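So you can see what is in the structure, the chains are spelled out below.
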Amino acid sequence: MKKVPIILIAILFCLSIQIYAQIPTNVLVQIVKAEDELRFDKTLEDLMKSTDAKIRKRAVLAAGRIGDDRAIASLTNLLEKDADTGVREMAAFSLGEIESLKSVDAILKVLQDTKNADEIRARAIEAAGKIAAANATDEKSKDLGKAILDNLEFELQRSKQQNRELVLFGITAVLRAKPQENEVVVAKFLTNPDARVRADAANTLARHRAKNANAQFRTMLASDKEPIARANAARGLGASEDKEAFDLLIKATISDEDSRVRVSAIRAVGSLKVARAADRLLERGEKLLADYKKSKFANPSEKSELLEITTTLGRILSKTNDEKAVNFVEKFRGSDKFNSPETEIAFAQIAPDKYLKEFNAKNNGLNDWRVASSYAQGLGEIAKQTNEDLKMRGSQTIATYFNEIVEKVTAVSQSEMNKAVPDLIRAITEYKSEYLPYLLREIITTKDVFARASSAESLAETAATEENIEALNRAFDYAIKEDKKYNDAQLAILDALFKLDKLKAIPALAIGLDAPDVLVRRKAVALLKQIPADDIYVGARVRLKEIEEKGNNVKPYKPDYGTKLGMILNSNADYLRAVLRKNGQVKAVLTTEKGNFTIDFLPEDAPLTVDNFIKLAKSGYFNGLPIHRVVANFVMQDGDPRGDGNGGPGWEIRDEMNTVPYERGAVGMALSGKDTGGSQWFVTHSPQPHLDGGYTVFGRISEADMKIVDNLVRGDKILKVQIVETVSRKTGKKIAAKNSF
């Protein structure tokens, strides 16, 4: 492939070419660059005052993404006074992204005037939910909650004229804000003629564990034509523990044609904890297991549903020693090669004594971290049992097992077995052993960053002894100097020090203020702001004030830092390439053992996220990576080179929150906090409105291709990713260029 000459890039940049009569390219580059730097300044403020509504709207979105409180005054002014409806909508959206109480009055003003355009009220009600959720204990959040319910009541009165988007945003705003008496209002939408409205209403009520809608949920589960409405109704029945729905739920677990409904019904049966469900579940499980064993695939598609059945059996047959259930679980875990924690936990729940005996007899998990991790979670479940004698014997077993793992970790630096340590730490923490702090202080000296991060998290729950604080400080010094690819240990240690002793955490937090990684600086700022200023020594206090006044901008990458974490990695050429792409012009074809599916990228909505994915794909980064997470009727997740859910490329990208909703087949960036995306991505099996505006949507998968995604389970691999561009960024002419890297 020929590279675009640097001179041509410069010419394109300087001439500010316009593509398809959209925002001038040089302006888009300015905006995207500001987002990447988390920089709100006069340049962006001036763009928010542009005479061109398209530019104002795009700059307003950038202000929300950056999240700087200093943008609130300008955003509020635009929300109240701008002549363009689209700009006002985006101003409301961005105020919701910033989540500041300073925006409450402006949002309330919009919601309290029903003469405002529906589109603007819709985004304002969405913002109200986000702000209320982020400030749940503040009195102003109650005012936002009331305004949300008032607007939903108003829409109910409008009957057929009600605005669909406003209703959907309002129902999700209720989910976030949790206003008093919300169940009564939301339940009124369960009979709405719009299937998506019914489904979202059921979702909110289920998540709130509402008990006022069981009769309607039963009707929906029995007869609603929309699978997601049925699935969410099943969730609602489980959340409210409606035993009257038992027969309906059992029927759905066995015979509903949609796997999402079956899975939700299985989980609901588990919530009811009715032991007589076991026979029907085992009947279904045996059938699935027979198909599982006949499958030509290494990871049969029946696996996800089998795991759900296994989990539910563990919940409803706790400590029963049910022979049929134990036999089923043992057959499944053997076929699954002991790779799934769900089978270990269920076995430990149903027959804890037998589980310990079998574990002692086999103890074959030390050669594979997945097996070791699964065993650890099973043993950790023993700690939750009430039989003290059993707990004691379990503690002895796990202590022996854990010591062997520790020896391996310390003997072989960066061993694959390190990946089991976090689950092993969590397991032994359940036993509250006196030996635990000594063990954690030993683990926190190892080289594996995630072992150290887990140790810090557990140490935070122990006593604030001099030994523990000293160990954490030494570990922080080591992490700052040595951790170049992951910042998890640095962040966890700062949290642990702060939790154990705020004042003794100040020296480490002060170091964090000058870290090159913006996420470490952000953590240090957030924690120091919770300490009285007089308790912070002068140097740290001055530095903290400087960051607050100037903003916590992202620093440009320098080789001297030795790390790319939390820094600006893009050049002007990168920004230009990213903004020149248009929706519909670039996609990725992903090959799996079970078939191919295509991601249609949305570069206009998330230019740098798309560009990051394409860069990784072209380098072959995703080829051969296992799907490490599948939550049926929620998401399928990939992009982790470690395979344990912790891995990434060695850098992080900034979030590009947008107004694209998380419908079925939406492709988003996985996060462990704000601006922590890197390479892990996910696909939604069904609408997930609570994710809207919280995770970057950067692509979509068609319904036809979702049939492939639905069959993917944990352990399947993305064999190859092929980038396909259908329009030349240089000429705008259609081409048929396929590049596989």
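Here, the structure is the one placed above.
Residues numbered from 1 in each chain as written. Predicted model: local features only at pLDDT ≥ 70, side-chain atom pairs only at ≥ 80, totals over all residues. Heavy atoms only, no water.

### As for the pairing of strand β3 (residues 586-592)
- Counting buried residues along β3, six of its seven residues qualify, which places the element largely inside the surrounding structure.
- Pairing geometry for β3 and strand β4 (residues 595-601), over six bridges, is antiparallel. When the sheet's bridge partners are listed, Leu 590 is paired in β4 with Phe 597.
- Here β3 folds back onto β4 in antiparallel fashion, the turn holding two residues. (Buried < 20%, exposed > 50% of the residue type's maximum accessible area, 1.4 Å probe, protein only. Helix = DSSP H or I, 4+ residues; strand = E, 2+ residues; numbered from the N terminus. Pairing = 2+ DSSP bridges.)

### Comments concerning the packing of helix α4 (residues 53-66) against helix α6 (residues 85-98)
- One can describe the packing of α4 onto α6 by two numbers: an axis separation of 8 Å at closest approach and a directional angle of 5°. Judged on the interaxial angle alone, α6 and α4 are roughly parallel. Residues Ala 53, Arg 56, Lys 57, Val 60, Leu 61, Ala 63 and Gly 64 of α4 pack against Gly 86, Val 87, Met 90, Ala 91, Phe 93, Ser 94, Glu 97 and Ile 98 of α6.
- Residues that form the contact of α4 with α6 fall into these classes: nine nonpolar, three polar and three charged. (Axes fitted to C-alpha atoms, helices over the stretch in contact; angles between N-to-C directions. Parallel < 35°, antiparallel > 145°, perpendicular 65-115°, else oblique. Contact = heavy atoms within 4.5 Å. Nonpolar A, V, L, I, M, F, W, Y, C, P; charged D, E, K, R; others polar.)

### A short note on the packing of aromatic side chains
- Enumeration according to the criterion identifies 12 aromatic pairs in this entry.
- On the numbers, 5.3 Å between centres and 85° between planes, the contact of Tyr 621 with Phe 622 is edge-to-face.
- Classification of Tyr 621 by relative accessible area gives buried; the value is 19%.
- By relative accessible area, Phe 622 is classed as buried at 1%.
- Three or more aromatic residues joined by ring pairs form one cluster here, namely Phe 601, Phe 613, Tyr 621, Phe 622, Trp 681 and Phe 698.
- Its guanidinium or amino end placed over the ring of Tyr 438, Arg 441 lies 4.9 Å from that ring's centre, counting from NZ or CZ.
- Against the face of Phe 297 rests Lys 594, its NZ or CZ located 5.6 Å from the ring centre. (Phe/Tyr/Trp six-rings, centres within 6.5 Å; stacked < 30°, edge-to-face > 60°. Lys NZ or Arg CZ within 6 Å of the ring centre and 35° of its normal.)

### Focus on the environment of Gly 562
- Locating Gly 562 in the fold gives a position in the loop between β1 (555-556) and β2 (567-568).
- Given the relative accessible area of 41%, Gly 562 is considered partly exposed.
- Distance in space between the C-alpha atoms of Gly 562 and Pro 516 is 9.8 Å, their sequence separation being 46 residues.

### Re the packing of helix α19 (residues 323-335) against helix α20 (residues 341-350)
- Put simply, α19 and α20 touch, their axes get as near as 10 Å, and they point 160° apart. When the axis of α19 is compared with that of α20, the two are roughly antiparallel. Once α19 is placed against α20, the crossing between them reads as left-handed. Contacts between α19 and α20 involve Ala 325, Val 326, Val 329, Glu 330, Phe 332 and Arg 333 from the former and Thr 343, Glu 344, Phe 347 and Ile 350 from the latter.
- Grouping the amino acids of the contact of α19 with α20 by side-chain chemistry returns six nonpolar, one polar and three charged. (Left-handed = near helix turned anticlockwise from the far one by under 90°.)

### Here we look at the nonpolar core
- With 133 residues, the main nonpolar core has Leu 79, Ile 107, Leu 190, Phe 217, Leu 249 and Leu 313 as its most contacted residues.
- Leu 472, Ala 479, Tyr 486 and Ala 510 belong to the second largest nonpolar core, which has 48 residues in total. (Core = buried A, V, L, I, M, F, W, Y, C linked by side-chain atoms within 4.5 Å.)

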